[in-house]
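This is what each chain is made of:
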Amino acid sequence: MNHPSELKYASTHEWAKIEGDLVVTGISDHAQDALGDLVYVEVPEVGSHLTAGAQAGVVESVKTASDIHAPVSGTVIEINTSLEDDPDFINDDPYGKGWIYKIKPDNIADVEQLLSNTEYEAGL
């Protein structure tokens, strides 16, 4: 599995990357591999406020559906509209083209409370 060390991870299998004052998030390589081929992604609405740990959306595969959780609290600023037509971007490139949404966190320091890649992998 590929879990880049520059990212932070939630125990619910989301990753977070700080970009300026935003946090880009998606699901981990482990999560997309366990789900299999994705066929649909439900993303949060731009402008909605999410609470850390709360459901932010859903990913559906040919096998099952799984909730996406917010890694930090904040307001959704942007969604990856490419996933509407190509949810398999998550399977192909979960940390690049497969990002799901960007959030303006209530407190950027909350990202540091998430797991490192080694802590995340130890829990798998």
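What counts and what doesn't
- Think of each chain on its own: its residues are numbered from 1, step by step along the sequence as written.
- For this predicted model, a pLDDT threshold of at least 70 governs which residues receive local features, and a threshold of 80 or more governs which side-chain atom pairs are given and counted, while totals over whole chains, interfaces and linings are taken from all residues.
- To get the side-chain values, take all heavy atoms of the structure and skip hydrogens and water.
- UniProt positions are given in the numbering used here, feature names are shortened, and annotations may be inferred rather than shown by experiment.
- Should DSSP find at least two bridges between two strands, the strands are taken to pair.
- What counts as a helix is a DSSP run of H or I of at least four residues, what counts as a strand is a run of E of at least two, and both are numbered from the N terminus.
- Each axis is a line fitted through C-alpha atoms, taken for helices only over the stretch in contact, and angles between the N-to-C directions span 0 to 180 degrees.
- To qualify as a nonpolar core, a set must consist of buried Ala, Val, Leu, Ile, Met, Phe, Trp, Tyr and Cys residues joined through side-chain atoms within 4.5 Å.
- Accessibility here uses a 1.4 Å probe with only protein chains present; expressed as a share of the type maximum, an area under 20% marks a residue as buried, one over 50% as exposed, and anything in between as partly exposed.
- Whether two residues are in contact is decided by their heavy atoms, any of which lying within 4.5 Å being enough.

An unreviewed UniProt entry lists the protein under the name Glycine cleavage system H protein, with Acinetobacter ursingii ANC 3649 given as the organism. According to the UniProt record, the Function (unreviewed entry) comment for the protein is "The glycine cleavage system catalyzes the degradation of glycine. The H protein shuttles the methylamine group of glycine from the P protein to the T protein."

Describe the sheet that holds strand E7 (residues 65–69), with residues and values.
Spatially, the 3 strands line up as an open sheet ordered E4-E6-E7, and their pairing is antiparallel. Both outer strands of the open sheet, strand E4 (38–42) and E7, are each paired with one neighbouring strand and no more. Ignoring which end each strand starts from, the neighbouring axes of this sheet average 20 degrees apart. Of the strand pairs in this sheet, strand E6 (residues 55–61) and E7 are connected by 5 bridges, and their pairing is antiparallel. Its bridge partner being in E7, Gln 55 is matched across the sheet by His 69.

Explain the nonpolar core to me, and be specific about the residues and the numbers.
Residues Ile 27, Val 59, Ile 90, Ile 100 and Tyr 101 are the most contacted members of the largest nonpolar core, which totals 24 residues. Elements with a contribution of two residues or more to this core: strand E3 (22–27), helix H1 (29–35), E4, E6, strand E8 (74–79), helix H3 (89–92) and strand E9 (101–105). With residues up to four places along the chain from it excluded, the contact list for Ile 100 reads Thr 25, Gly 26, Ile 27, Val 41, Val 43, Ile 68, Ile 79, Asn 80, Leu 83 and Ile 90. Judged by nonpolar contacts, the second largest core, of 7 residues, contains Val 24, Tyr 95, Trp 99 and Tyr 120.

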